[in-house]
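Here are the chains, one letter per residue:
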There are 2 protein chains.
Amino acid sequence: MTNVDSRPDQNKTKSYSGKVVSIEDVEAAATRIRGEAVLTPLIRHPVLDERTGAHVFIKPESLQRSGSFKFRGAYNCLKQIPEAERANGVVACSSGNHAQGVAASAQLLGMPATIVMPADAPVIKLERTRGYGARVVTYDRENEDREAIAARLCAETDATFVHPFNDPAVIAGQGTVGLELADQAAQNGVVLDDVLACTGGGGLSSGIALALAFKSPETVFHTVEPALFDDYKRSLEAGALLSNSAKSGSICDALLSETPGEIGFSILRQLAGEGVTVSDEEVLDAVAFAFTELKLVVEPGGAAALAAVLCGKLPLKGKNVGLVLTGGNIDPKMLLKALSR
Amino acid sequence: MTNVDSRPDQNKTKSYSGKVVSIEDVEAAATRIRGEAVLTPLIRHPVLDERTGAHVFIKPESLQRSGSFKFRGAYNCLKQIPEAERANGVVACSSGNHAQGVAASAQLLGMPATIVMPADAPVIKLERTRGYGARVVTYDRENEDREAIAARLCAETDATFVHPFNDPAVIAGQGTVGLELADQAAQNGVVLDDVLACTGGGGLSSGIALALAFKSPETVFHTVEPALFDDYKRSLEAGALLSNSAKSGSICDALLSETPGEIGFSILRQLAGEGVTVSDEEVLDAVAFAFTELKLVVEPGGAAALAAVLCGKLPLKGKNVGLVLTGGNIDPKMLLKALSR
């Protein structure tokens with residue numbers, strides 16, 4: 001592994017001195033997932049540009065295998081499990097997108113998968129996870145400890161636990177979104193000024209920020225979180241890990257992590273720009289906008305960054321903006337709620 | 001204009017001797033619409049490949065400005081109206097997608113637009129057409145002659161009539177979809193064996209077939225129509241223009257043209273392969289598949305070609321298949337109908 005400290009310090013906020021995940025890890029992940037993950041396109045839409053005054057480049061990870069970016073990290077992780085251990089299977093905790101990413105990856109690699117999911121997860125996510133052949137174990141989000149349940153399940157079968165975000169292999173896999181963003185922007189002849197992504201535990205966000213720091217160092221990366229789940233924004237401002245008091249209560253089920261992941265936080269505290277928060281109402285409007293204007297199916301947690309752009313949460317006029325739509329696994333009744341406002 | 005007869009006759013079914021629309025016209029259209037139309041991506045999705053056994057390359061014109069491919073032809077046409085005549089405006093007849101394409105183009109070019117639309121057009125299409133600043137005049141699809149209404153409106157203001165499909169400039173504009181398909185397939189290192197597109201009056205289909213004949217002559221183009229509106233399939237088989245007896249009665253509101261356009265037919269009788277028909281039930285399943293699996297919002301008329309692929313209407317296993325999703329302007333209640341099956 002190349003020592004990333006040797007990278008020229010182009011900008012005080014952009015130096016990256018972590019050694020847990022390197023740019024070489026992200027590049028190796030890109031090779032590993034090639035042919036299995038979708039190289040999602042970079043989409044322009046005039047209505048979004050007209051509405052925001054920015055040049056917006058949409059990276060729709062909703063079009064990814066399993067319906068969210070989570071497949072990237074999960075496949076990168078599972079592919080590295082030694083052959084001898086694969087038959088023992090994998091265990092994961094997830095509200096539904098990591099669940100599907102792990103289940104789809106396990107199915108491709110012929111491994112058993114058990115997923116611990118909150119009982120109130122969207123029906124579509126529960127069904128689709130089972131559809132990939134995984135066993136689903138549900139728990140009560142308010143009163144049960146999903147990590148303890150997962151630990152017990154791992155012990156039973158000697159399975160490998162796949163953390164949704166605090167794992168170097170997972171972060172490296174999600175970071176391939178950032179590599180592609182930088183490449184595709186360059187193919188379009190532009191340098192992205194800002195990139196926004198919906199942020200839960202920070203696996204995707206830290207991976208993207210890391211990739212951009214090396215491949216597009218002029219770009220400022222921003223976390224976008226639901227208002228009551230702004231642990232990253234507050235932790236980054238405080239310079240220390242802070243938790244959310246709420247455990248549920250936002251429609252953005254994919255973004256309800258309690259505390260930033262330690263690895264993701266160690267990366268983002270060096271590389272992230274200003275954090276942004278959005279309300280559930282703003283997210284519902286963004287889901288409806290994506291459906292009506294962009295013709296893209298986006299779930300609430302996947303539309304948070306779009307909401308931030310539409311609501312002018314950052315000064316983006318005239319800028320080249322990368323916007324990651326992280327997932328599209330939405331229940332029809334939630335979509336109807338968004339469309340009937 | 002180069003004489004297209006001089007093109008080498010690579011394949012008896014693929015020679016094109018028409019002079020009304022040339023490949024140079026399509027290339028000129030591509031230049032004319034650049035920067036205003038979206039260069040829609042070519043999307044892969046593993047689930048579609050697994051389901052069909054083919055290598056499917058999706059061209060989602062649902063992501064086009066105005067929500068369908070219609071913007072391409074309309075803008076190409078309106079842009080060629082002399083400056084002195086622009087203030088008189090344009091008139092068009094359309095169930096809604098050509099309406100939006102013309103209205104959006106007219107708005108960009110600062111021209112007044114009047115659109116004659118069936119009273120039973122999807123609400124979203126009526127609203128969005130008005131949203132682009134156009135005046136909408138409704139008529140009764142079963143009992144009124146929309147062309148007569150349009151002729152009267154044109155006479156009133158000396159406006160230019162923009163035919164939805166039987167116009168060389170419109171066909172050339174729609175043909176840019178074929179140019180992009182050929183280019184993007186080549187960038188992916190593949191030659192498309194077959195291309196399927198939803199077919200109404202045949203402006204898009206003839207434009208695509210023409211572009212492919214020059215840019216990807218190995219590719220076979222197929223029209224896809226609703227079962228009761230298979231005028232192209234029957235006309236191509238008979239070698240003469242045949243009409244549909246039905247005027248309404250399919251959910252594919254975008255594909256209910258009565259007879260093939262003469263220009264489109266003259267092109268497709270030289271260049272089209274086997275035609276395909278699909279039922280409304282098959283189309284509804286395709287709309288639901290696009291929503292649930294592909295995370296794309298596609299209207300019934302835009303999903304006909306997807307339905308043909310999903311239902312195995314052609315032998316496509318192992319082949320490289322281009323699939324044009326022509327539009328995404330669907331009313332939420334129609335989507336719900338598709339999802340609740």
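Before any of the text, the structure's been laid out above.
The model shown is predicted, which means the values in this text are computed figures rather than measured ones.

Student: Any chance you could explain the packing of helix H3 (residues 70-78) of chain B against helix H5 (residues 97-109) of chain B here in plain terms?
Tutor: Any two packed helices are characterised by the angle at which their axes cross and by the distance between the axes. Residues and elements named next belong to chain B. Two elements in contact, H3 and H5, have axes separated by 8 Å at closest approach and are oriented at 45 degrees. When the axes of H3 and H5 are compared, the pair comes out oblique. The interaxial crossing formed by H3 with H5 has right-handed handedness. Residue-level contacts link Lys-70, Phe-71, Ala-74, Tyr-75 and Leu-78 of H3 to Asn-97, His-98, Gly-101, Val-102, Ala-104, Ser-105, Ala-106, Leu-108 and Leu-109 of H5. In the contact of H3 with H5, the residues fall into nine nonpolar, four polar and one charged.

Student: Help me understand helix H9 (residues 203-215) of chain B, please; the structure alone is not making it clear to me.
Tutor: The periodicity of an α-helix, 3.6 residues per turn, causes residues three or four places apart in sequence to face the same way. Residues and elements named next belong to chain B. Its 13 residues place the ends of H9 18 Å apart at the C-alpha level, agreeing with the 18 Å of an ideal helix rising 1.5 Å per residue. Among the 13 residues that make up H9, 11 are buried, leaving the element largely enclosed by the rest of the structure. All of the buried residues along H9 are Gly-203, Leu-204, Ser-205, Ser-206, Gly-207, Ile-208, Ala-209, Leu-210, Ala-211, Leu-212 and Ala-213. Buried positions along H9 lie against helix H1 (23-33), helix H8 (168-187), strand S6 (194-198), strand S7 (220-226), helix H11 (262-271) and strand S9 (320-325).

Student: Can you help me understand the pattern of salt bridges in this one?
Tutor: Two side chains that carry opposite charge are able to pair once their charged atoms sit near each other. Across all of its chains, the model carries 37 salt bridges over all chains by this definition. Residue Glu50(B) pairs with Arg65(A) through a salt bridge whose shortest N-O separation is 3.1 Å. On the criterion of chain membership, the pair formed by Glu50(B) in helix H2 (residues 46-52) and Arg65(A) in the loop between strand S1 (55-60) and helix H3 (70-78) is interchain, its members lying in two chains. Across the pair Arg152(B) and Glu156(B) runs a salt bridge, and its minimum N-O distance is 3.3 Å. Of this pair, Arg152(B) and Glu156(B) are both found in helix H7 (residues 146-157), four residues apart, which corresponds to roughly one turn of the helix. Salt bridges sharing partners connect three or more residues here, namely Lys59(A), Glu61(A), Arg72(A) and Glu180(A).

Student: I'm lost on the sheet that holds strand S2 (residues 90-93) of chain A in this one. Help?
Tutor: Residue and element names in this part refer to chain A. On the basis of which strands lie adjacent, the open sheet formed by four strands has the order S4-S3-S2-S5 and parallel pairing. Each edge of the open sheet carries a strand with a single partner, namely strand S4 (135-139) and strand S5 (160-161). Sheet topology note: the S2/strand S3 (residues 113-118) ladder contains four bridges and is parallel. Its bridge partner lying in S3, Ala-92 is registered against Ile-115.

Student: How should I be thinking about the interface of chain B and chain A in this particular structure?
Tutor: Size of an interface: often given as the accessible area lost when the parts come together. Contact with chain B, which involves 29 residues of that partner, is made by 29 residues of chain A. Both sides of the chain B and chain A interface together cover about 2,300 Å² of buried area, and 69% of this is carbon and sulfur. Taken together, chain B and chain A are joined by four salt bridges. Taken together, chain B and chain A are joined by 12 residue pairs in polar contact (both at pLDDT 80 or more).

Rules used in this analysis
- Residues numbered from 1 in each chain as written.
- Chains lettered and ligands numbered in written order.
- Predicted model: local features only at pLDDT ≥ 70, side-chain atom pairs only at ≥ 80, totals over all residues.
- Heavy atoms only, no water.
- Axes fitted to C-alpha atoms, helices over the stretch in contact; angles between N-to-C directions.
- Helix = DSSP H or I, 4+ residues; strand = E, 2+ residues; numbered from the N terminus.
- Parallel < 35°, antiparallel > 145°, perpendicular 65-115°, else oblique.
- Left-handed = near helix turned anticlockwise from the far one by under 90°.
- Contact = heavy atoms within 4.5 Å.
- Nonpolar A, V, L, I, M, F, W, Y, C, P; charged D, E, K, R; others polar.
- Expected span 1.5 Å × (residues − 1).
- Buried < 20%, exposed > 50% of the residue type's maximum accessible area, 1.4 Å probe, protein only.
- Salt bridge = Lys/Arg side-chain N within 4 Å of Asp/Glu carboxyl O.
- Pairing = 2+ DSSP bridges.
- Buried area = accessible area lost by both parts, 1.4 Å probe.
- Polar contact = N/O pair within 3.5 Å; in protein donor to acceptor, adjacent residues only side chain to side chain.

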